[in-house]
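Listed below are the residues making up each chain.
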Amino acid sequence: IEVEGNRTGSAMDEAAERRIWGTVRMIGGGIVRWTLVTKPDTDDPEWITESVQMGQAGSAMGFMGLWTGALHQKTDPI
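Attention here is on the structure that accompanies the text. (Residues numbered from 1 in each chain as written. Predicted model: local features only at pLDDT ≥ 70, side-chain atom pairs only at ≥ 80, totals over all residues. Heavy atoms only, no water.)

1. A few points about the pattern of salt bridges
Scanning the entire structure with this criterion turns up three salt bridges. Between E46 and R18 there is a salt bridge, with the nearest N and O atoms lying 2.5 Å from each other. Here R18 lies in strand β2 (residues 17-27) and E46 lies in the loop between β3 (31-40) and β4 (47-53), a separation of 28 residues in the sequence. In this structure R18 comes out as buried when scored by relative accessible area, which is 17%. For E50, the salt bridge identified is with R33, shortest N-O distance 2.8 Å. In this pair, E50 sits in strand β4 while R33 sits in strand β3, placing the two residues 17 residues apart along the sequence. Given the relative accessible area of 30%, R33 is considered partly exposed. (Salt bridge = Lys/Arg side-chain N within 4 Å of Asp/Glu carboxyl O. Helix = DSSP H or I, 4+ residues; strand = E, 2+ residues; numbered from the N terminus. Buried < 20%, exposed > 50% of the residue type's maximum accessible area, 1.4 Å probe, protein only.)

Here is the structure:
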C-alpha cells in the first residue's frame, strides 16, 4: 500500500508543514513493515524510517523502527 499525506507542526516550529509518503507492506510471518519519508515544503527529503508494526495487522499499538537522514549522509543520526 502506498501512503501519502501532510502534517503540520514540529518541536521546532508549530506551523512547519511537511509532506510524508511511503509504503506499508506485509513481510514474512504476517509482519507489517512501514517505510516513510518526510520532506519540508522547500527542501530535499529530510528523514526516512524503516519500521515494523507492533502487534498484528490492524493493531493500534503503532510501529517501532529507526529514523535516519533520507539522503544517508555520513553525519546523519541513526
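Back to the text.
2. So, the pairing of β3
Pairing geometry for β2 and β3, over 10 bridges, is antiparallel. Bridge pairing in β3 places T23 opposite T35. Counting the residues between successive antiparallel strands, the hairpin from β2 to β3 contains three residues, one of them, G29, with a positive phi of roughly 75°. Bridging between β3 and β4 involves six bridges; their strand directions are antiparallel. Looking at β4, one finds that W34 is bridged to S51. The hairpin turn running from β3 into β4, its antiparallel successor, is six residues long. (Pairing = 2+ DSSP bridges.)

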